[in-house]
Amino acid sequence: AEDIEELFKAMIDRGLTSVTVNHLSTILSQALGYGIRRGYLKHNVMDIVTTPKLEIKESVFLNQVELSRMLDACVGNRIGSFVALAIHTGMRKSEVRALRWKDLDFDRGDIYIRRAMRYVVGEQLVMGNTKTQSSKRKIELTSDNMIFAMLSGLKAKRNERLRESGARVQEDDL
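What you are looking at is a predicted structure, and each value in this text was computed from that prediction instead of being measured.

Student: Explain the pairing of strand β2 (residues 110-113) to me, using residue names and the numbers behind them.
Tutor: Here strand β1 (residues 104-105) runs beside β2; their pairing, made up of two bridges, is antiparallel. What sits directly across from Leu104, in β2, is Ile111. By the bridge criterion, four bridges tie β2 to strand β5 (residues 137-140) in an arrangement that is antiparallel. Bridged to Ile113 within β5 is Arg137.

Quick look at the structure:
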């Protein structure tokens, strides 16, 4: 038990959050519980391990001036379009990365969140499911919303660059 508590302390000291350490504690407890049910172990040492107290950090948000400055910096910048999209819709960055043109309904002003793209060590970006099943959703804006104007301009520039290079225009990317 003391070795595990030292491991948890070392993890916290290296900058991991108490949520991550508690998640590991749960996994260890379940694995050892499986060993007990199978007759490999007599007791679960995790029953006497003290885990770090969960620390819920208060979220920090941009104020109106900071938000305005950030959005101004986004103008005319391809990456800025993604930042502006996340700010105005509340989408996670993994959801913004996974968006495809076919996920946008320019006529109705709807954005469909169907997948997420995450960075996986050693594999770069990997397309997969959203964080939770309920994360699959429709974000309803209006078709005249400035986000759709921005995306429409981005799409037009992209299509023009593709045509000039002789590449085929596809609806699978963004």
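Student: Quick one: what's the story with the pairing of strand β3 (residues 116-120), residue by residue and with numbers?
Tutor: Both β3 and strand β4 (residues 124-128) contribute to a ladder of five bridges, which runs antiparallel. The residue bridging Val120 from the neighbouring strand is Gln124, located in β4. With antiparallel pairing between neighbouring strands as the criterion, β3 and β4 make up a hairpin whose turn holds three residues, including Gly122 at a positive phi of roughly 85 degrees.

Student: Before we move on, could you go through the packing of aromatic side chains and cite the residues and values that matter?
Tutor: Going through the model one piece at a time under the given rule, you end up with two aromatic pairs. With a centroid separation of 5.4 Å and 80 degrees between ring planes, the pair formed by Phe106 and Phe148 is classed as edge-to-face. Residue Phe106 is found in the loop between β1 and β2, and its partner Phe148 is found in helix α6 (residues 146-165); the two are separated by 42 residues along the sequence. Feature note: the residues Trp101, Phe106 and Phe148 constitute an aromatic cluster, connected by ring pairs.

Student: Lay out the nonpolar core in plain terms, naming residues and giving numbers.
Tutor: Core analysis: the biggest nonpolar cluster contains 16 residues, and Leu85, Met91, Leu99, Leu104, Ile111 and Leu151 have the highest contact counts within it. Those elements that provide at least two residues to this core are α4 (78-89), β2 and α6. Counting residues per element, this core draws most heavily on α6, which supplies four residues. If near-sequence neighbours (up to four positions away) are discounted, Ile111 is found in contact with Leu85, Thr89, Met91, Leu99, Asp103, Leu104, Arg137, Lys138, Ile139, Leu141 and Phe148.

Criteria and thresholds
- Residues numbered from 1 in each chain as written.
- Predicted model: local features only at pLDDT ≥ 70, side-chain atom pairs only at ≥ 80, totals over all residues.
- Heavy atoms only, no water.
- Pairing = 2+ DSSP bridges.
- Helix = DSSP H or I, 4+ residues; strand = E, 2+ residues; numbered from the N terminus.
- Phe/Tyr/Trp six-rings, centres within 6.5 Å; stacked < 30°, edge-to-face > 60°.
- Core = buried A, V, L, I, M, F, W, Y, C linked by side-chain atoms within 4.5 Å.
- Buried < 20%, exposed > 50% of the residue type's maximum accessible area, 1.4 Å probe, protein only.
- Contact = heavy atoms within 4.5 Å.

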